[in-house]
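# What the coordinates show
Residue-level listing of the chains:
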Amino acid sequence: MSGMLLGVIATVAVGVAMWSWRAVRRLEQVVAERDRQIAQWQSLIGDGVTRVTRISRGLATPVVSADAGDPLGEVLGVVRDALEAREVIWWRRAGDGTLAPQRSSEHPAVPRADPGVAPHAAWADDEGLATFVEHAGAMLAVAPVPDLDGAETRGALVARGPAEWPDDRADAKQRLERCGAAVARIVLLLESQRAASEYSSGIRKALEATRAYATVRDPERLAALVCADMVSLYGMQRAAVVRWQPGRATGHVVAVSARHAVAIGQSVGPLSAVGEACAESRQLLWQDAAQARDDQPIFDDVEPSWSIGALLVVPLVRDRAVLGALVVETDHAGGIREHLLRMITLMADLMTPTLESLWSFEDVERRARTDALTGLWNRRHFEVELARWLQQVDRYGGKVAIVLVDVDHFKRVNDSYGHETGDLVLQHVSAVLHEGARTVDVVARLGGEEFVLLLPSTPVEGARDVAERLRTLLESKPAALNDGTALAVTASFGVAAYPAPVAQRDRLVPAADAALYAAKRDGRNCVRLAVG
């Protein structure tokens, strides 16, 4: 078994290293491609500025440089000068339908909204036409700023001039309309550049994170790092990583970000939002969770209550199998924008192969330390944990106890009922011990009918109480046999603790074994303590 385990460990380690190298190379290529795209956007913006200049003045060379620090402001300045206006303001239609000023040719700050101008800007936006109106002793020229396809409008340009302005309204109106279309192109290019820059920044963060992930060999630590990065790098308020068990249609939370409402170990039910996303292998995005969830639990029916704005569940899929999910949340609705959605999905794709390898390694190692018949830890795991706790006691102080358990008259059970019934009895005893032990205790099967409990930070008196409680519990619960009958089962218990009463660490197990034999000599079904 040890040779096979070492082979699996080596295979997993090589696989993780190869994947880590490939993931870093992949991200480096994506970063390089995104840099080329950003350079292209910048070139297009320069071309757009040149086009506005030519439309406005008919010049063969641009007045505005392609690398202008404020291309939109510069373009509005070109339009202002070409029309001989005092000011040009771009008004934009927001997603909620409201129209508001966004940028002025005169100042980089957002201009104040003039309530008297708003209806005229809205008319130009709604009708898709340019016109001139008098307002507050001045003349306004308004024109639509359409989308590139001309089907929808993005707002309006409002130029302000003196009362007798302009000299040639027909020419000014035509040029203003053409400038509005050109400004729409500039705005789209600027927004595309900003989105590309944000995405590039996110990819660079992902690249740095992936290099850090490549050094992690513990799946829970890796999941915790991903949760922390979701908060620190991508502005999510909360994040969690879930491990899913497709065969059982259930899962549990293995990592959460700081101050998350749910805790590690939180169950994930099949009817929850996360459970359905995993079961159906589909991404779930609620931009307004309060409206979308309709009382559906996020993880399970039994979970704490907390407020969620936007929710994203990204299944972790490998070879068409769902291994788990990355779950992120914001406090405000609409908080997961498109570029964030793409980055979080990319991060989920990048972390999945490593998590699969680490989880597979963990499962193999767990099986190597688990007793196949009872599901308890085996002797190997007990010895490793005992050595670790003895070292803890020697270094930091404290105490540790063990309880040896031997099923009474087990040979009679095998001889009278057969080995199949003997296996049922061992499974029954292991279930009772596991049920009665504390969560911090290690319960293991040493072999045959012998079991052991490792009790951290427990003196001999406390270990005796645990042993007596388990003895009473076992005595009160007969084993159910396949024929429907019940078989009374009892066990003998030997208790020892280090450093008192056993002062030498290598004498702890022999002392507990001596106490166990004392319990057998004294009639079985009892607890005996080791002496120093």
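Residues numbered from 1 in each chain as written. Predicted model: local features only at pLDDT ≥ 70, side-chain atom pairs only at ≥ 80, totals over all residues. Heavy atoms only, no water.

Our next topic: the confidence of the model for the protein. With 85% of its residues at a pLDDT of 70 or more, the protein has an overall mean of 84. Predicted confidence for residues 55-68 stays below pLDDT 50, and this span has 26 contacts to residues more than four positions away or in other chains. (pLDDT = per-residue confidence, 0-100. Contact = heavy atoms within 4.5 Å.)

It is worth spelling out the packing of aromatic side chains at this point. Counting across every chain of the model gives two aromatic pairs. Plain terms: the ring middles of Phe132 and Trp165 are 6.1 Å apart, the flat faces sit at 70° to each other, and that makes the pair edge-to-face. In this pair, Phe132 is assigned in strand S3 (residues 131-135) and Trp165 in the loop between strand S5 (153-161) and helix H4 (169-213), connecting sequence segments 33 residues apart. Positioned over the ring face of Phe132 is Arg169, at 5.4 Å from the centre of the ring. In this structure, Lys520 is placed above the aromatic ring of Tyr517, and the distance from its NZ or CZ to the ring centre is 5.1 Å. (Phe/Tyr/Trp six-rings, centres within 6.5 Å; stacked < 30°, edge-to-face > 60°. Helix = DSSP H or I, 4+ residues; strand = E, 2+ residues; numbered from the N terminus. Lys NZ or Arg CZ within 6 Å of the ring centre and 35° of its normal.)

All right, on to the pattern of salt bridges then. Enumeration over the complete set of coordinates arrives at 26 salt bridges. A salt bridge links Glu329 to Arg238; the shortest N-O distance between them is 2.6 Å. Within this pair, whereas Glu329 is found in strand S11 (residues 321-330), its partner Arg238 is found in strand S6 (residues 238-245), the two being separated by 91 residues in sequence. By relative accessible area, Glu329 is classed as buried at 0%. Two residues, Arg238 and Asp331, come together in a salt bridge whose shortest N-O distance is 2.9 Å. Taken together, the positions of Arg238 in strand S6 and Asp331 in the loop between S11 and helix H8 (338-368) put the pair 93 residues apart, joining distant regions of the chain. (Salt bridge = Lys/Arg side-chain N within 4 Å of Asp/Glu carboxyl O. Buried < 20%, exposed > 50% of the residue type's maximum accessible area, 1.4 Å probe, protein only.)

Moving on, we come to helix H12 (residues 460-476). The end-to-end C-alpha distance of H12 is 24 Å, a good match for the 24 Å that 17 residues give at a rise of 1.5 Å each. Residues of H12 that are buried: Val460, Ala463, Val466, Ala467, Leu470, Arg471 and Leu474. Relative to the axis of H12, the buried residues are bounded by an arc of 135° and lie together on one face. If you follow the buried residues of H12, they end up packed against strand S12 (400-407), helix H11 (419-436), strand S14 (450-456), strand S17 (491-498) and strand S18 (527-529). (Expected span 1.5 Å × (residues − 1). Arc of directions from axis to C-beta.)

Taken together, five strands build an open sheet; the order of strands is S13-S14-S12-S17-S18 and the sheet is mixed. Where the open sheet ends on each side, the last strands, each with one partner, are strand S13 (442-447) and S18. Recorded for the sheet is a direction-independent mean angle of 20° between the axes of neighbouring strands. Pairing analysis gives five bridges linking S13 to S14, with the strands arranged antiparallel. Its bridge partner being in S14, Ala444 is matched across the sheet by Val452. (Pairing = 2+ DSSP bridges. Axes fitted to C-alpha atoms, helices over the stretch in contact; angles between N-to-C directions.)

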